Amino acid sequence: MCELRLADAVVVITGAGNGIGAALSRKFAGSGAKVVLGDLDADAVRRVATEVGGIAVPGDAASEDGVRALVDAALGEHERIDLFCANAGIARGGGPEADEADWAQSWDVNVMAHVRAARAVLPHWLERGQGHFLATVSAAGLLTMLTAAPYSVTKHAALGFAEWLAITYGDRGITVQALCPQGVRTNMLGSSGAGKAILDDGALEPEQVAEVVAESLDSGEFLILPHPEVADYYALRAGEPQRWQAGMRKLQRKVE
């Protein structure tokens with residue numbers, strides 16, 4: 001594992017116009033990093049880039065062309081990328097009855113955006129012999145999110161891809177970390193009635209999450225857990241799945 005120093009690091013962040021992405025942009029730039037920021041919301045990402053002295057590359061980071069534009073902008077301006085934050089995500093609710101578009105978009109943004117980012121940046125990192133990939137996953141990728149199957153399923157897949165990257169490239173100088181917060185006070189928290197009801201009391205501000213991330217980068221620990229109790233829930237889910245599911249069903253009845 002190569003030590004990542006934010007001072008003078010070149011950092012690419014998707015979903016940087018709002019929420020966790022904007023908070024990461026401010027935190028990293030405030031620590032001396034050079035940031036290249038992407039978001040579908042062109043006005044929002046340009047505002048954040050202007051605020052932090054970064055480069056805005058509006059576009060769809062879930063698309064091949066969008067992520068390539070981000071990588072090319074960073075390499076063209078700074079000739080390297082030290083940290084790629086695959087942060088963009090969407091939350092779609094429902095179960096099997098959720099329409100095909102919600103399932104397809106969830107897969108594209110929450111999973112394939114990470115795959116396409118890795119595809120774009122890995123050749124550069126393997127040539128350099130170092131790189132750092134941060135995947136914003138969510139505690140839903142370790143546990144689940146009631147009433148939101150598209151979100152839960154694709155976040156599990158995002159965690160699986162991050163783990164695969166970590167195992168496959170960890171001995172080649174590439175560090176992979178998965179950021180898995182529970183509730184965070186962003187627009188996404190309010191997009192699910194169940195999510196807000198369950199998570200609102202313990203929700204963190206995006207700036208608190210960014211602080212935890214900045215403190216965790218050098219550790220190289222695979223899981224970054226702004227809510228430490230998630231580790232206990234994850235262990236219970238793995239060790240006593242029936243007990244964990246019973247507890248979740250009880251919580252679902254309460255929400256309903």
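Check the entry above for the structure.
Residues numbered from 1 in each chain as written. Predicted model: local features only at pLDDT ≥ 70, side-chain atom pairs only at ≥ 80, totals over all residues. Heavy atoms only, no water.

Trainee: How should the packing of aromatic side chains be read in this particular structure?
Mentor: The relation between two aromatic rings is expressed through the spacing of the ring centres and the mutual angle of the planes. Per the stated rule, a full pass over the model turns up three aromatic pairs. Plain terms: the ring middles of F161 and W164 are 6.4 Å apart, the flat faces sit at 10 degrees to each other, and that makes the pair stacked. One end of the pair, F161, and the other, W164, are both in helix α5 (residues 149-169), three residues apart, so they sit about a helical turn from each other. The interplanar angle of 80 degrees and the centroid separation of 6.1 Å between the aromatic rings of W164 and Y169 together place this pair among those described as edge-to-face. (Phe/Tyr/Trp six-rings, centres within 6.5 Å; stacked < 30°, edge-to-face > 60°. Helix = DSSP H or I, 4+ residues; strand = E, 2+ residues; numbered from the N terminus.)

Trainee: Looking at this structure, how should I read helix α3 (residues 64-78)?
Mentor: Since there are 3.6 residues in each turn of an α-helix, residues three or four apart along the chain are aligned in direction. The end-to-end C-alpha distance of α3, which contains 15 residues, comes to 21 Å, matching closely the 21 Å that a straight helix rising 1.5 Å per residue would cover. Positive backbone phi, at 70 degrees, marks E79, one or two positions downstream of α3. (Expected span 1.5 Å × (residues − 1).)

Trainee: How should I be thinking about the pairing of strand β6 (residues 174-179) in this particular structure?
Mentor: Looking down a regular strand, the side chains alternate between one sheet face and the other. Among the six residues that make up β6, six are buried, leaving the element largely enclosed by the rest of the structure. Residues of β6 alternate between two faces, with I174, V176 and A178 on one and T175, Q177 and L179 on the opposite face, all of them buried. Where the polypeptide runs from strand β5 (residues 131-136) across α5 and back to β6, its parallel neighbour, the crossover connection is right-handed. Two elements, β6 and strand β7 (residues 223-224), share two bridges in a ladder whose sense is parallel. Looking at the pairing, L179 lines up with I224 of β7. (Buried < 20%, exposed > 50% of the residue type's maximum accessible area, 1.4 Å probe, protein only. Right-handed = clockwise from strand over helix to strand, strands pointing away. Pairing = 2+ DSSP bridges.)

Trainee: Looking at this model, I keep getting lost on the environment of D232. Mind explaining?
Mentor: Mapped onto the fold, D232 is located in helix α8 (residues 229-239). The exposed category is assigned to D232, whose relative accessible area is 55%. Through-space distance from the C-alpha of D232 to that of D82 is 32 Å; in sequence the pair is 150 residues apart.

Trainee: Before we go on, may I ask you to explain helix α4 (residues 100-128) in this structure?
Mentor: Here α4 contains 29 residues, and its C-alpha end-to-end distance of 41 Å stays within 8% of the 42 Å for a straight helix at 1.5 Å per residue. Where α4 begins, the capping side chain belongs to D99, and its oxygen is found 3.2 Å from the backbone nitrogen of A101. Of the residues flanking the end of α4, it is G129, one or two places downstream, whose phi is positive at about 80 degrees. (Polar contact = N/O pair within 3.5 Å; in protein donor to acceptor, adjacent residues only side chain to side chain.)

Trainee: It is not clear to me how a positive patch on the surface should be interpreted in this structure. Could you clarify?
Mentor: Together, R249, K250, R253 and K254 line one region of the surface with positive charge. Tracing the backbone through its elements, the reader meets R249 in helix α9 (residues 241-255). Overall, the relative accessible area of 45% leaves R249 in the partly exposed class. (Patch = residues over 30% accessible without salt bridge, like charges linked within 9 Å, V, L, I, M, F, W, Y side chains within 5 Å. Areas by Shrake-Rupley, 256 points an atom, 1.4 Å probe, with all protein chains shown as cover. Salt bridge = Lys/Arg side-chain N within 4 Å of Asp/Glu carboxyl O. Lys, Arg positive; Asp, Glu negative; His and termini not counted. Charge placed at Lys NZ, Arg CZ, Asp CG, Glu CD.)

Trainee: Looking at this structure, I do not really get the sheet that holds strand β4 (residues 83-86). What am I missing?
Mentor: Each strand in a sheet pairs with another by means of backbone hydrogen bonds, the pair being arranged parallel or else antiparallel. What the seven strands build is an open sheet, ordered β3-β2-β1-β4-β5-β6-β7; its pairing is parallel. A strand with exactly one partner marks an edge of an open sheet, and here the two such strands are β3 (55-58) and β7. By the bridge criterion, four bridges tie strand β2 (residues 34-39) to β3 in an arrangement that is parallel. Bridge pairing in β3 places V36 opposite I55. Sheet strands touched by helix α1 (residues 19-30): β1 (10-13), β2, β4 and β6. Its angle to β1, the strand with the most contacts, is close to 170 degrees. (Contact = heavy atoms within 4.5 Å. Axes fitted to C-alpha atoms, helices over the stretch in contact; angles between N-to-C directions.)

Trainee: Help me understand the state of the cysteines, please; the structure alone is not making it clear to me.
Mentor: What makes a disulfide is a covalent bond joining the sulfur atoms belonging to two cysteines. Counting across every chain of the model gives zero disulfides. Free cysteine: C180, not disulfide-bonded; nearest cysteine sulfur from C85 at 14 Å. For C180, a relative accessible area of 0% gives the class buried. (Disulfide = S-S within 2.5 Å.)

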